[in-house]
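Chain by chain, the residues:
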Amino acid sequence: MPDFSACRFSANSASLARIRRFTHRTLTRWDRRSCADEVTIVVGELVANAVRHALTAYPDRHGWLALMNTASTVICAVQDPSPDKPLPRTATAQDTRGRGLLIISELAHDWGYSVHSNAGKTVWAVMHTTTARLTMWTGIGCGTTKESSHRA
């Protein structure tokens, strides 16, 4: 039976730090310390996108983070009230934003989203918890590429 944990968040300045602590504590409780840092980074990017692009437009609403622990993965899902699809963008060297989905694409085995008919969407990422994840990478150094891509 997989483990499941969820946490509500809002668009205030303390939410992101609280979500990161929640994620790290949950993964530690599940004995997933080996992937806790990468999962926490991905969750931070998912939640930051929800806060920046969805919750600021819906200040009276909140988002939800759900984490599910399976035999070889942790699934991270962030629900927000905006129906807008997450779109990867190309950030310039001078941009201080715009790399979140790229970071998620690089760290996650897979990611995608579902738009809900009753409003809002869920953006999810699947994170490997074993060394099997390492076989997904090819190349060396800056030329490293990943074989899987997101579903959008």
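Residues numbered from 1 in each chain as written. Predicted model: local features only at pLDDT ≥ 70, side-chain atom pairs only at ≥ 80, totals over all residues. Heavy atoms only, no water.

Chemist: Before we go on, may I ask you to explain the overall build of the protein in this structure?
Modeler: From N to C terminus, the protein includes three helices and seven strands. Reading the helices (α) and strands (β) of the protein from amino to carboxyl end gives β-α-α-β-β-α-β-β-β-β. Per-residue burial for the protein yields a buried fraction of 40% across its 152 residues. Taking the intrachain contacts of the protein between residues at least 6 apart in sequence as the baseline, contacts between residues at least 24 apart amount to 64%. (Helix = DSSP H or I, 4+ residues; strand = E, 2+ residues; numbered from the N terminus. Buried < 20%, exposed > 50% of the residue type's maximum accessible area, 1.4 Å probe, protein only. Contact = heavy atoms within 4.5 Å.)

Chemist: Any chance you could explain the sheet that holds strand 2 (residues 63-69) here in plain terms?
Modeler: Sheet strands associate in pairs through backbone hydrogen bonding, adopting either a parallel or an antiparallel arrangement. Spatial ordering of the open sheet is given by 1-2-3-5-4, a layout of five strands whose pairing is antiparallel. Looking at which strands have only one partner, the edges of the open sheet turn out to be strand 1 (3-9) and strand 4 (110-115). Adjacent strand axes in the sheet meet at a mean angle of 15 degrees when their direction is disregarded. For strand 4 and strand 5 (residues 121-128), the ladder comprises six bridges, and the chain directions are antiparallel. Considered in strand 5, the bridge of S114 is made with T122. (Pairing = 2+ DSSP bridges. Axes fitted to C-alpha atoms, helices over the stretch in contact; angles between N-to-C directions.)

Chemist: When you look at the packing of helix 2 (residues 33-55) against helix 3 (residues 100-107) in this model, what are you seeing that I'm missing?
Modeler: Describing two packed helices takes the angle between their axes plus the distance from one axis to the other. Where helix 2 contacts helix 3, the axes come no closer than 9 Å and their chain directions differ by 150 degrees. Taken together, the axes of helix 2 and helix 3 are roughly antiparallel relative to one another. The handedness of the crossing between helix 2 and helix 3 is left-handed. Here E38, I41, V42, E45, L46 and N49 of helix 2 lie close against helix 3, whose contacting residues are G100, L101, I103, I104 and L107. A breakdown of the residues in the contact of helix 2 with helix 3 according to their chemical character gives seven nonpolar, two polar and two charged. (Parallel < 35°, antiparallel > 145°, perpendicular 65-115°, else oblique. Left-handed = near helix turned anticlockwise from the far one by under 90°. Nonpolar A, V, L, I, M, F, W, Y, C, P; charged D, E, K, R; others polar.)

Chemist: Honestly, the environment of D110 in this entry has me stumped. Any pointers?
Modeler: Among the structural elements, D110 can be located in strand 4. Taking the C-alpha atoms as reference points, D110 and H128, separated by 18 residues in sequence, lie 9.4 Å from one another.

Chemist: Just checking my understanding: could you explain a positive patch on the surface for this structure?
Modeler: A grouping of R8, R18, R21 and R25 is seen on the molecular surface, where their side chains present a positively charged patch. By secondary structure assignment, the location of R18 is in helix 1 (residues 15-29). (Patch = residues over 30% accessible without salt bridge, like charges linked within 9 Å, V, L, I, M, F, W, Y side chains within 5 Å. Areas by Shrake-Rupley, 256 points an atom, 1.4 Å probe, with all protein chains shown as cover. Salt bridge = Lys/Arg side-chain N within 4 Å of Asp/Glu carboxyl O. Lys, Arg positive; Asp, Glu negative; His and termini not counted. Charge placed at Lys NZ, Arg CZ, Asp CG, Glu CD.)

Chemist: Can you walk me through the packing of helix 1 against helix 2 in this structure?
Modeler: With their axes 9 Å apart at the nearest point, helix 1 and helix 2 run at an angle of 150 degrees to one another. With respect to their mutual orientation, helix 1 and helix 2 come out roughly antiparallel. When the axes of helix 1 and helix 2 are compared, the crossing they make is right-handed. Contact residues: L16, I19, R20, T23, H24, L27 and T28 in helix 1; R33, A36, D37, V39, T40, V43, G44, V47 and A48 in helix 2. Of the residues that constitute the contact of helix 1 with helix 2, the class distribution is eight nonpolar, five polar and three charged.

Chemist: Looking at this model, I keep getting lost on helix 1. Mind explaining?
Modeler: One turn of an α-helix holds 3.6 residues; hence residues three or four places apart share an orientation. Between its first and last C-alpha atoms helix 1 spans 21 Å; for 15 residues at 1.5 Å apiece the expected length is 21 Å, and the two agree. Among the residues of helix 1, those classed as buried are S15, I19, F22, T23, T26 and L27. Considered in projection along helix 1, the buried side chains sweep an arc of 125 degrees and stay on one side of the axis. On the buried face of helix 1, the contacting elements are strand 1, helix 2, strand 2 and strand 3 (73-80). One or two steps after helix 1, the chain reaches D31, where phi turns positive at roughly 60 degrees. (Expected span 1.5 Å × (residues − 1). Arc of directions from axis to C-beta.)

Chemist: Can you walk me through the layout of surface pockets in this structure?
Modeler: Over the atoms rolls a probe the size of a water molecule, and in doing so it shows where empty space is left. Volume-wise, the largest pocket comes out at about 590 Å³. Lining the largest pocket are 30 residues; nearest its centre among them are N49, R52, H53, G100 and L101. For the lining of the largest pocket, the secondary structure elements donating two or more residues are helix 1, helix 2, strand 3, helix 3 and strand 5. With nine residues, helix 2 is the single largest residue contributor to the lining of the largest pocket. Counted by class, the lining of the largest pocket contains 13 nonpolar, seven polar and ten charged residues. (1 Å grid on protein atoms, 1.4 Å probe; cavity = no way out; pocket = protein on both sides within 12 Å on 5 of 7 lines; lining within 4 Å. Points joined across faces, edges and corners; volume = space filled by probe spheres on them.)

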